[in-house]
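Descriptive analysis of the structure
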Amino acid sequence: MKLSRTTALIISIGCAMFGALCGGLGAILELYVLEFIGLGLALLGAVLTLIFHRCPHCGRFLGKHVGFPAYCPHCGEPLDD
Ligand SMILES: [Zn+2]
């Protein structure tokens with residue numbers, strides 16, 4: 001299965017947000033299982049971002065360029081999905 005960059009970024013943002021929600025609820029309710037699930041989801045979101053938020057042409061990480069830039073800031077190639 002091949003994920004597009006945009007799909008992977010949306011999934012990673014969703015994982016991070018849902019992970020933060022689970023972690024917060026786990027802390028409030030003192031449910032450690034919920035905190036670990038939240039931590040796992042947040043880590044999954046970070047790993048997906050590190051793997052898929054890259055330029056398909058030069059392979060460099062798009063890092064601080066949050067969102068869906070139209071062109072790679074490193075090589076200038078268009079970032080179509
Ligand atoms: Zn590039």
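Structure: above.
The structure contained in this document is the topic of the report that follows. Keep in mind that this is a model prediction, so the values were computed, not measured.

Before going further, it helps to spend a moment on the overall build of the protein chain. Each helix and strand counted, the protein chain has two helices and zero strands in total. Taken over C-alpha atoms, the radius of gyration comes to 15 Å for the protein chain, far larger than the 12 Å a tight globule of 81 residues would show. Once the C-alpha set of the protein chain is aligned to its principal axes, its extents read approximately 50 × 25 × 15 Å. Per-residue burial over the protein chain gives 21% buried out of 81 residues. Contacts in the protein chain between residues at least 24 apart in sequence constitute 35% of all its contacts with a sequence separation of at least 6. Carbon and sulfur atoms make up 71% of the accessible area of the protein chain, which amounts to about 5,500 Å² in all. Averaging the positions of the 5 positive and the 5 negative side-chain charges in the protein chain gives two centres separated by 12 Å.

The next point concerns the environment of alanine 70. Relative to the elements of secondary structure, alanine 70 occurs in the segment after α2 (32–52). When near neighbours in sequence (up to four residues on either side) are disregarded, alanine 70 contacts Glu77, Pro78 and Leu79.

Distances from the zinc ion to its protein donors, Cys55 (SG), Cys58 (SG), Cys72 (SG) and Cys75 (SG), fall at 2.3 Å. One way to put it: the four donor atoms around the zinc ion meet at angles of 104 to 117 degrees, and that makes the site tetrahedral. One chain supplies every donor to the zinc ion, and in sequence these donors are spaced C-x2-C-x13-C-x2-C. Note on cysteine 72: relative accessible area 4%, which makes it buried.

Below, the discussion takes up helix α1 (residues 5–29). It helps to recall that an α-helix has 3.6 residues per turn; residues three or four apart then point in one direction. If you check α1, its first and last C-alpha atoms are 36 Å apart, about what 25 residues at 1.5 Å a residue would give, namely 36 Å. Listing the buried residues of α1 in full gives Arg5, Ala8, Leu9, Ser12, Cys15, Gly19, Cys22 and Gly26. Just downstream of α1 lies glutamate 30, where phi reads positive at about 55 degrees.

Before going further, it helps to spend a moment on unusual backbone geometry. One non-glycine residue, glutamate 30, adopts positive backbone phi at about 55 degrees. Residue position: glutamate 30 is located in the loop between α1 and α2. Of the residues examined, glutamate 30 reaches a relative accessible area of 60% and is grouped as exposed.

Analysis parameters
- Residues numbered from 1 in each chain as written.
- Predicted model: local features only at pLDDT ≥ 70, side-chain atom pairs only at ≥ 80, totals over all residues.
- Heavy atoms only, no water.
- Helix = DSSP H or I, 4+ residues; strand = E, 2+ residues; numbered from the N terminus.
- Rg over C-alpha atoms; globule rule 2.2 N^0.38 Å.
- Buried < 20%, exposed > 50% of the residue type's maximum accessible area, 1.4 Å probe, protein only.
- Contact = heavy atoms within 4.5 Å.
- Areas by Shrake-Rupley, 256 points an atom, 1.4 Å probe, with all protein chains shown as cover.
- Lys, Arg positive; Asp, Glu negative; His and termini not counted.
- Charge placed at Lys NZ, Arg CZ, Asp CG, Glu CD.
- Donors = N, O, S within 2.8 Å, 3.2 Å for Na, K, Ca; no water.
- Tetrahedral: all angles 85-135°; square planar, octahedral: opposite > 155°, others 65-115°.
- Expected span 1.5 Å × (residues − 1).

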